[in-house]
Amino acid sequence: MSDTNEKIVIWKKGVRMSTVVVTGSTGLVGSETVRYFTELGYDVVGIDNDMRRVFFGDDASTAWNRDRLIEKYPRYEHVSLDIRDRTAMEKLFSDRGSDISFVVHTAAQPSHDWAARDPFMDFEVNANGTLTILDMTRRFAPNAPFAFTSTNKVYGDTPNYLPLIEQDTRWEIDPNHEYAHGIDESMSIDHSKHSLFGASKVAADVLVQEYGRYFGMKTACFRCGCITGAGHSGTALHGFLAYLMKCTVTGKPYTVFGYKAKQVRDNIHAADLVAAFGQFYEKPQEAEVYNMGGARQNSVSMIEAIDLCESISERKLNWSYSDDNRIGDHIWYISSLAKFQKHYPEWKQQYTLRELLEDIHH
């Protein structure tokens, strides 16, 4: 390990407690997972080598979050390693095997546009990296539940062929349609345009399911829509609400792509998503799949989101519009949480849409 890496690794001494392993630990969801489980009294090993800076530039670096976690949480151990490095992952998991009680895999290349620039790295990180973490869990901690942050992009552009209706500020679905309350897990992932990012996440998603079925592991794919919160290093290619608010506050220009700026997403705070991971950890399922997002109450169109950001910040966003929508992008996507809520009725969202944006603004 290099001298640089040695400076940001905290090796614990003394009594070893039950350990949660978190990949992508300095990202939005990963850092929230660190907070959640350290505050419950677990030791947490975080794996993150700040690939977000490689993908999106220095402004998107999560080094600030890494330093904050190390300083704030004594039970947190940061390891700057690449999840694609099988030798390094084997050593980490074999050293801690019997102590590992839960694995949360959030590390990913998360952008449609970036994946098209370098499809090999996108697939290596999203698919091969997931396979590596899965197999290390199977070999060294087979009883540890495994939670994976998948994506609604596994459904490709199938949602765009739903019966959508244009309204003044948003696209909406026919209120009589079976998905009027949100898209559930019955939607097919076949015969659609996924984007290369979506394809690499499909591969990872199916691997997580297969390790559950084939090896009897407790695995769950959380097919998320827009995840957000104050811990997001939002950038133009990834981090819709966080970047939108950043541009509103700083005056940086923002471009909306396609669909008359009426495209709709549901948004979930990272803390609410991680609380769902906590529920799964307490009562794990085998090879499960859950659509996970903010649901209808936290849905918003681009136009509506701009209005909210301007209202909260009391500033005007400098924005422009391009007719060129992103390949494989959704016109309308709202998640149905019915399946997860049936399995875990104690879980409730804590953040409303406005509270999400206020948290980011603050």
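So, here's what we can say about the structure. (Residues numbered from 1 in each chain as written. Predicted model: local features only at pLDDT ≥ 70, side-chain atom pairs only at ≥ 80, totals over all residues. Heavy atoms only, no water.)

## Regarding the state of the cysteines
Note the following rule: Cysteine sulfur pairs qualify as disulfides if the two atoms are within 2.5 Å. Each residue is placed in one exposure class: buried if its accessible area under a 1.4 Å probe, protein chains only, is under 20% of its type's maximum, exposed if it is over 50%, and partly exposed if it falls in between.
Tallied over the entire structure, the rule returns zero disulfides. Cysteine C224 shares no disulfide, and the gap to the nearest cysteine sulfur, in C226, comes to 10 Å. Owing to a relative accessible area of 17%, C226 belongs among the buried residues under this scheme.

## Topic: the pairing of strand 3 (residues 76-79)
What counts is decided by this rule: Numbering goes from the N terminus for both helices and strands, where a helix is a DSSP run of H or I of at least four residues and a strand is a run of E of at least two. Here the rule is simple: two strands pair whenever DSSP picks up at least two bridges between them.
Across the two faces of strand 3 the burial is the same, with Y76 and H78 and E77 and V79 all buried. Pairing analysis gives four bridges linking strand 2 (residues 43-47) to strand 3, with the strands arranged parallel. Bridge pairing links V44 to Y76 in strand 3.

## Description of the sheet that holds strand 4 (residues 100-105)
What counts is decided by this rule: To obtain each axis, a line is fitted to C-alpha atoms, and for helices this fit is confined to the stretch in contact; angles are then taken between N-to-C directions over 0 to 180 degrees. Should any heavy atoms of two residues lie within 4.5 Å, those residues are considered in contact.
Across the sheet, which stays open at both edges, the seven strands sit in the order 3-2-1-4-5-8-12 with parallel pairing between neighbours. Both edges of this open sheet fall to strand 3 and strand 12 (288-292), since each of them pairs with a single strand only. The average undirected angle you get between the axes of adjacent strands in this sheet is 20°. In terms of strand pairing, strand 1 (residues 19-23) meets strand 2 through five bridges, oriented parallel. For T19, the partnering residue across the bridge sits in strand 2 and is D43. On top of the sheet, helix 7 (residues 119-140) reaches strand 1, strand 4 and strand 5 (146-151); it is set at about 170° to strand 4, its chief contact.

## Remarks on the nonpolar core
In plain terms, the rule: Among buried residues, those of type Ala, Val, Leu, Ile, Met, Phe, Trp, Tyr and Cys that are joined through side-chain atoms within 4.5 Å constitute a nonpolar core.
The biggest cluster of nonpolar side chains holds 33 residues, and the ones touching the most others in it are F102, F222, L273, F277 and M292. Listing elements by their share of this core, those giving two or more residues are strand 1, helix 2 (28-39), strand 4, strand 8 (219-224), helix 10 (270-282) and strand 12. In terms of nonpolar packing, the next biggest core, distinct from the first, is built from 26 residues, V45, A88, M136 and A144 among them.

## Description of the packing of helix 11 (residues 302-313) against helix 13 (residues 353-361)
A pair of packed helices is characterised by two quantities: the angle between their axes and the separation of those axes. Put simply, the rule reads: Our angle categories are set so that under 35 degrees counts as roughly parallel, over 145 as roughly antiparallel, 65 to 115 as roughly perpendicular, and the remainder as oblique. Crossings are classed by handedness, with left-handed meaning an anticlockwise turn of the near helix from the far one by less than a right angle and right-handed meaning a clockwise turn. Three residue categories are used. Nonpolar comprises Ala, Val, Leu, Ile, Met, Phe, Trp, Tyr, Cys and Pro, charged comprises Asp, Glu, Lys and Arg, and polar comprises the others, including Gly.
Viewed as axis vectors pointing N to C, helix 11 and helix 13 meet at an angle of 55°, and their least axial separation amounts to 10 Å. As judged from the angle between their axes, helix 11 and helix 13 are oblique. For the pair helix 11 and helix 13, the sense of crossing is right-handed. Contacts between helix 11 and helix 13 involve L308, C309, S311, I312 and S313 on the former and, on the latter, L353, R354, L357, E358 and H361. Residue composition of the contact of helix 11 with helix 13, grouped by class: five nonpolar, three polar and two charged.

## Section: the packing of aromatic side chains
Keep this limit in mind: For this analysis, a ring pair means two rings from Phe, Tyr or Trp (six-membered ring only for Trp) whose centres lie within 6.5 Å, classed as stacked if their planes differ by under 30 degrees, edge-to-face if by over 60, and tilted for the remaining angles. To sit over a ring, a charge needs its Lys NZ or Arg CZ within 6 Å of the ring centre and within 35 degrees of the ring normal.
If you walk through the whole model with that rule in mind, you get 20 aromatic pairs. Seen in terms of ring centroids, F37 and F102 are 5.5 Å apart; in terms of plane orientation they differ by 65°. Their pairing is edge-to-face. Separated by 65 residues along the polypeptide, F37 in helix 2 and F102 in strand 4 bring together distant segments of the chain. In terms of burial, F37 and F102 fall into one category: buried. Grouping aromatic residues by their ring pairs yields a cluster made of Y36, F37, Y42, F102, F222, F277, F280, Y281, Y290, F340, Y344 and W347. Here the guanidinium or amino end of K283 rests over the ring plane of Y344, the centre of that ring lying 5.3 Å away.

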